Amino acid sequence: MNKFNSRELRTIWTLSLIFSLRMLGMFSMLPALTTYGMKLNGANKVLIGIAIGIYGLMQSIFQIPFGLISDRIGRKPIILIGLILLTIGSIISATQHSIWAVIIGRALQGCGAISSVMIALLTDLIREQHLSKAMALIGINFAIAFAISIIVSPIITSILGINVLFWSIVLFSISSIIIMIFFVPKEHNQIINRETNFLKDSFYQVITNLKLIKLNISIFFLHALLMSIFITLPNKLEKIGLLPSDHWKVYLIIIFISFVIAIPFIILSEEKQCIKYTFITSILGILLSMILSLNLFNNFWILLIGIQIFFCAFNLLEALIPSLISKEAPIGYKGTAISCYSTSQFFGVACGSAISGWIFSKYGIQMVFLLGIICAIVWLLISLTIKEPLYLHSIRITLNESLLNIKDLEKYIKRQSGVSDVIIVLKEKSAYIKIDKKYFNKRNLEHMLLNLSSKQ
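Residues numbered from 1 in each chain as written. Predicted model: local features only at pLDDT ≥ 70, side-chain atom pairs only at ≥ 80, totals over all residues. Heavy atoms only, no water.

## Quick notes on the overall build of the protein
And then number 1: When its secondary structure is counted, the protein shows 17 helices and three strands.
And then number 2: Whereas a compact globule of 456 residues would reach a radius of gyration of roughly 23 Å, the protein reaches 23 Å, a difference of no more than 12%.
And then number 3: Referenced to the eigenvectors of the C-alpha coordinate spread, the extents of the protein come out at roughly 80 × 45 × 35 Å.
And then number 4: Evaluated residue by residue, the protein yields a buried proportion of 56% over its 456 residues.
And then number 5: For the protein, restricting intrachain contacts to residue pairs at least 6 apart in sequence, the fraction spanning at least 24 positions comes to 82%.
And then number 6: Accessible area for the protein stands at about 20,100 Å²; split by element, carbon and sulfur atoms hold 67% of it. (Helix = DSSP H or I, 4+ residues; strand = E, 2+ residues; numbered from the N terminus. Rg over C-alpha atoms; globule rule 2.2 N^0.38 Å. Buried < 20%, exposed > 50% of the residue type's maximum accessible area, 1.4 Å probe, protein only. Contact = heavy atoms within 4.5 Å. Areas by Shrake-Rupley, 256 points an atom, 1.4 Å probe, with all protein chains shown as cover.)

## A look at the pattern of salt bridges
And then number 1: Summed over all chains, the structure comprises five salt bridges.
And then number 2: The residue Arg75 makes a salt bridge to Asp124 at a minimum N-O spacing of 2.9 Å. You can see Arg75 sitting in helix H3 (residues 75-95) and its partner Asp124 sitting in helix H5 (residues 115-125), a full 49 residues away along the chain.
And then number 3: A residue is classified by how much of its surface remains accessible, and Arg75, at 0% relative accessible area, is buried.
And then number 4: Of the charged contacts, one joins Lys211 and Glu328 as a salt bridge, the two residues approaching to 3.7 Å between their closest N and O atoms. Separated by 117 residues along the polypeptide, Lys211 in helix H9 (residues 210-239) and Glu328 in helix H12 (residues 300-328) bring together distant segments of the chain. (Salt bridge = Lys/Arg side-chain N within 4 Å of Asp/Glu carboxyl O.)

## Structural notes on the sheet that holds strand E1 (residues 393-398)
And then number 1: In spatial order, the strands read E1-E3-E2; together these three strands make up an open sheet with antiparallel pairing. Sheet topology places E1 and strand E2 (419-425) at the edges, where each strand pairs with a single neighbour. Geometrically, the sheet is characterised by an average inter-axis angle of 20° between neighbouring strands, direction not taken into account.
And then number 2: With six bridges joining them, E1 and strand E3 (residues 430-435) adopt antiparallel strand pairing. Residue Ile395 lies in a different strand from E3, and its bridge partner there is Ile433. (Pairing = 2+ DSSP bridges. Axes fitted to C-alpha atoms, helices over the stretch in contact; angles between N-to-C directions.)

## Side note on the state of the cysteines
And then number 1: Overall, the coordinates contain zero disulfides when judged by the stated rule.
And then number 2: With no disulfide partner, Cys111 has as its closest neighbouring cysteine sulfur the one in Cys351, 17 Å distant.
And then number 3: Relative accessible area serves as the criterion here: at 13%, Cys111 is assigned to the buried category.
And then number 4: Here Cys340 is not disulfide-linked; the sulfur of Cys351 is the nearest cysteine sulfur, at 16 Å.
And then number 5: Looking at Cys340, the relative accessible area reads 9%, which means it is buried. (Disulfide = S-S within 2.5 Å.)

Below, the structure written as C-alpha cells:
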C-alpha cells in the first residue's frame, strides 16, 4: 500500500498533537520567564537562568533511561508517567509566586523526558515504508508549535500573567493524557528497532564515533547559544525602548522571516548535496549574529538584524544536524545516535541558560555575547573538519526464518546495486541496510530475497 491506513493516520495525528501540546508548553516559557520572571518572589538573573535550564538538565538525564524502561514495560505507561510529571510540575509552578517553586516545577516538567519513547511508539504503530513520512509530519508540527509558542506566550503573559501560562500547560498536559489513553491506538507488538531505540550494546560505538561527537558538540552549542539569546534579548529590547508587552511583535517578524528563508535552503542543501557548506555558513551566521547582538550602541536595527540572522541560521541547523546524524550514524545504530544527540541538545539548554544567567547577573549583558562569540568561534573551528556526508538512506527489512538460516545473506544483499552497508540482527529478525537511492531498487532486492527463500 502506498498510503497510510486508518490506524496509522490516527497514530500520526494523535501523537503529533501530543508532541505539539508538549512543545507549546516547553517553548512558551522561554520568552515568558526571561521577560516577566523577575516579578516572581526571590527572582534574580541567575535563578531565572536556572529555572529555564533545569528543564533541559532533567530531560538530558532521563531521556535514555525512560527509553530503556519503555522497552520492558511498554511505551504508553512511560508516556503517561511523563505527562503526569509535566502536569504536576506545571501545577506547582502555577499555584506559587516564588522563583524556587518555578524551579522545582520546571525540574518535574523536565523529568517527563518522553520524546524518544514517543518516537519508539510511532515506530511500533507505523509500517516501515511509511515511517519517514510520519516523522516528517511530526517534525513540521514541532516547528509550528515552536513558532506559535514564541509569539503567543509574551501576549498571554503580558495580559494575564505568568501563572496563567503555567495553567495553560496544565490544560495541555491533561488533554495529552486523555488523547494518549483514549485515542492513540494500542500496541499489538512492541518492536525493537535500532533506527529509533537506544541500545546499550551500541552506546560505546556511538559515543566514540568522531563524526557524531562533532555533531553532538554542534547541537550542544546551538541550544546553549539559543538560551543565551532568550536570557538577554528582553533586556536588550527594553533598553532600546520597546515595552515587554510589545516584544511579541519582534518575535512574530523574526520567526516568520526565518522560516521563509530557511526552508528553501534546507531543501536545496539536500537536493544539491551541499549540506557541509550550508552548515558552515550557518555557523558563520551565528557568529555574525553574536557580534551584531553585542551592539555596544544599542541600535534597534542592528540588534534586529543580528537576531534575525541568528534565527535563520538556527532553523537551518536545527534541521541539518539531525539529518547529518542520520547519515553519519553507523548502520543499525541510528536510534542510539539520536538518543545521544537529544541528550546533548537538552544539556546545551541547561548549560546555556544557567551559565548565561550567571554571567548576565555578575558581569553584564555584553559578557554573555562575548562568551557567545568565543563559543561560536570554537564551534566553527571544530566544524571546519567535518566532511561532506555520503548521501545514503537507511532501510530496515524483516527476514523470515529461511532467510535467517542463509549463511552469506549479508554478502548477497551487499551485491545489490546501491547497497553501501548491511547488518543482519538475528534477534530482531531484521536486516538494516544503507542505500544510495539513485542506484538502489527495492523490488530487485525483494525479488532476490524471495528466490533465496524459496531455495531453502
